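If you want the building blocks of each chain, they are given just below.
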Amino acid sequence: MKSMRKAFFAFATLSLVALASCTKELDMTLVSKTLYENSAIDAIEAEQYWILNVVADSNSNGVKVEYSAYLDEYLDISLNNGLLKLAFKNQPYMSPSTRFQATVHLGNLNRMTLNGHAVANFEENAIRTSDLELTLKDKSVCKNAHFTGNACKIHLSGASELQKYSFEGSSCSAQLYDQSRIWGNISVSDSLSFSLDNASRFSNYGGVSSYADIRLDNGSEANLLPTQINKLNVELNNKAMATVTVSDLMTGSLQNTSTLHYLGTPQIEIVCDTTSKITPL
């Protein structure tokens with residue numbers, strides 16, 4: 001046992017020494033490149049810790065990448081049929097001082113997928129879209145994204161977050177899993193629908209919707225108190241909680257210690273078990 005322990009510590013020490021010598025040799029010179037000038041970009045896929053800065057600019061499409069020089073052989077960047085992909089080949093070593101980010105200029109955006117701790121920061125200007133699809137996975141984050149368009153579909157999983165998000169259009173649907181979160185301002189003329197599971201959170205700080213459909217499970221919460229809703233269908237289960245403002249009608253069901261807080265004087269047609277409650281504000 002002692003000999004095995006000594007061998008393990010010897011191997012660990014050699015590995016640390018090798019890693020230290022490797023990081024000393026890394027070329028941290030900052031490289032800047034401009035790619036795909038004046039090329040059409042309307043979709044983005046980014047993964048593996050990429051940091052994006054997205055700028056609404058209908059006059060100057062293109063991508064500027066900045067990165068530590070040693071990453072050059074690992075970059076995996078492509079543009080095909082309007083889809084910009086940013087990733088890495090062979091998962092390079094990342095030190096705390098390693099830099100890599102991309103600034104993307106585009107006029108409109110119809111699809112974006114972030115995966116593997118990727119981050120997208122948007123400028124304050126609204127970006128045009130037709131039917132927008134946003135997918136965030138594995139602790140990815142999207143900040144300050146403002147869109148105007150027709151419809152929006154959102155899918156968040158793996159504790160991902162959509163922060164300070166806004167959308168103005170006809171409809172929006174969202175699915176959140178595994179402690180994912182949205183907070184923002186979604187305003188739609190027709191319908192707002194979303195389902196949350198596994199302690200996910202949805203907070204809407206304004207907006208309107210003629211119809212909303214809310215489905216919450218397993219400790220998930222939704223706060224739509226500042227959102228003016230005409231008709232609401234709500235399905236709450238297993239310690240879920242929703243807070244809403246509704247003017248006309250509420251339908252649905254509450255089960256397993258769930259709670260619905262509401263503001264307004266709607267007609268209520270909700271089946272509520274003995275462990276759950278409906279509370280006017």
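### A short note on the overall build of the protein chain
Logical step 1: When you go through the protein chain residue by residue, the secondary structure sums to one helix and 23 strands.
Logical step 2: Along the three orthogonal principal directions, the C-alpha set of the protein chain runs to about 70 × 65 × 25 Å.
Logical step 3: Taking all 281 residues of the protein chain together, the buried fraction comes to 43%.
Logical step 4: When the accessible surface of the protein chain is split by element, carbon and sulfur atoms take 49% of a total near 13,900 Å².

### Remarks on a nonpolar patch on the surface
Logical step 1: Together, Leu225, Leu263 and Leu281 line one region of the surface with nonpolar side chains, adding up to about 250 Å² of accessible area.
Logical step 2: Leu281 gets classed as exposed once you look at its relative accessible area, which sits at 55%.

### As for the packing of aromatic side chains
Logical step 1: In total, this model carries six aromatic pairs according to the counting rule given.
Logical step 2: Measuring from centroid to centroid gives 5.2 Å for Trp50 and Phe88, while their planes differ by 10°, and the two rings are stacked. Placement of the pair is Trp50 in the loop between strand S2 (43-47) and strand S3 (51-56) and Phe88 in strand S6 (residues 83-88), with a sequence separation of 38 residues.
Logical step 3: Seen from their ring centres, Trp50 and Phe100 are 5.7 Å apart, and the 85° between their planes marks the pair as edge-to-face. In this pair, Trp50 sits in the loop between S2 and S3 while Phe100 sits in strand S7 (residues 100-106), placing the two residues 50 residues apart along the sequence.
Logical step 4: Given a relative accessible area of 11%, Phe100 falls into the buried group.
Logical step 5: Each residue in the set Trp50, Phe88 and Phe100 is aromatic and connected to the rest through ring pairs, giving one cluster.

### Topic: the pairing of S2
Logical step 1: One ladder, built from four bridges, connects S2 with S6; its direction is parallel. Residue pairing across strands places Ala46 opposite Leu86, the latter belonging to S6.
Logical step 2: Here five bridges tie S2 to strand S8 (residues 111-115), and the two strands are oriented parallel to one another. Across the sheet, Ile44 pairs through a bridge with Met112, a residue of S8.

### Details of the side chain of Asn233
Logical step 1: For Asn233, the location among the structural elements is in strand S19 (residues 221-237).
Logical step 2: Residue classification places Asn233 among the buried residues on the basis of a relative accessible area of 11%.
Logical step 3: At 2.9 Å, the side chain of Asn233 and the side chain of Asp213 are in polar contact.
Logical step 4: Among the polar contacts made by the side chain of Asn233, one reaches the side chain of Thr251 at a distance of 2.9 Å.

### Brief notes about the nonpolar core
Logical step 1: One finds Phe122, Phe147, Ile154, Tyr165 and Phe194 to be the most contacted residues of the largest nonpolar core, which totals 69 residues.
Logical step 2: If near-sequence neighbours (up to four positions away) are discounted, Phe194 is found in contact with Ala174, Phe202, Asp213, Ile214, Arg215, Leu216, Ala222 and Leu224.

### Here we look at the confidence of the model for the protein chain
Logical step 1: Averaged over every residue, the pLDDT of the protein chain is 91; the share at 70 or more is 91%.
Logical step 2: Note that residues 1-23 has pLDDT below 50 and, in this model, two contacts with residues that lie over four places away or in other chains.

### Things to note about unusual backbone geometry
Logical step 1: Its identity is not glycine, yet Gln48 carries a phi of approximately 60°, on the positive side.
Logical step 2: By relative accessible area, Gln48 is classed as buried at 17%.
Logical step 3: One non-glycine residue, Thr257, lies in positive phi territory at about 60°.
Logical step 4: Mapped onto the elements, Thr257 comes out in the loop between strand S20 (241-255) and strand S21 (259-263).

### As for the side chain of Glu66
Logical step 1: Looking at where Glu66 falls in the secondary structure, it is placed in strand S4 (residues 62-68).
Logical step 2: Although Glu66 is buried, it forms no salt bridge, and the closest oppositely charged side chain is Lys64 at an N-O distance of 4.2 Å.
Logical step 3: Leaving out residues up to four positions away in the same chain, Glu66 has contacts with Leu30, Val31, Ser32, Arg99, Phe100 and Gln101.

### Details of the environment of Trp50
Logical step 1: Owing to a relative accessible area of 0%, Trp50 belongs among the buried residues under this scheme.
Logical step 2: For the pair formed by Trp50 and Ala145, sequence separation is 95 residues and the distance between their alpha carbons is 17 Å.
Logical step 3: Aside from chain neighbours lying at most four places away, what touches Trp50 is Leu75, Ile77, Leu86, Ala87, Phe88, Phe100, Gln101, Ala102, Ala118 and Val119.
Logical step 4: Engagement of the side chain of Trp50 in a polar contact is seen with the backbone oxygen of Ala87, the distance being 3.3 Å.

### Looking at the pattern of salt bridges
Logical step 1: Summed over all chains, the structure comprises four salt bridges.
Logical step 2: Note that Arg201 is salt-bridged to Glu221, the shortest N-O span being 3.8 Å. With a gap of 20 residues between them, Arg201 in strand S17 (residues 201-204) and Glu221 in strand S19 connect regions that are remote in the sequence.
Logical step 3: Here Arg201 falls in the partly exposed class, since its relative accessible area comes to 27%.
Logical step 4: Owing to a relative accessible area of 31%, Glu221 belongs among the partly exposed residues under this scheme.
Logical step 5: Among the salt bridges present, the one from Asp213 reaches Arg215, with a minimum N-O distance of 2.8 Å.
Logical step 6: What makes Arg215 partly exposed here is its relative accessible area of 40%.

Cut-offs applied
Residues numbered from 1 in each chain as written. Predicted model: local features only at pLDDT ≥ 70, side-chain atom pairs only at ≥ 80, totals over all residues. Heavy atoms only, no water. Helix = DSSP H or I, 4+ residues; strand = E, 2+ residues; numbered from the N terminus. Buried < 20%, exposed > 50% of the residue type's maximum accessible area, 1.4 Å probe, protein only. Areas by Shrake-Rupley, 256 points an atom, 1.4 Å probe, with all protein chains shown as cover. Patch = residues over 30% accessible without salt bridge, like charges linked within 9 Å, V, L, I, M, F, W, Y side chains within 5 Å. Salt bridge = Lys/Arg side-chain N within 4 Å of Asp/Glu carboxyl O. Phe/Tyr/Trp six-rings, centres within 6.5 Å; stacked < 30°, edge-to-face > 60°. Pairing = 2+ DSSP bridges. Polar contact = N/O pair within 3.5 Å; in protein donor to acceptor, adjacent residues only side chain to side chain. Core = buried A, V, L, I, M, F, W, Y, C linked by side-chain atoms within 4.5 Å. Contact = heavy atoms within 4.5 Å. pLDDT = per-residue confidence, 0-100. Lys, Arg positive; Asp, Glu negative; His and termini not counted.

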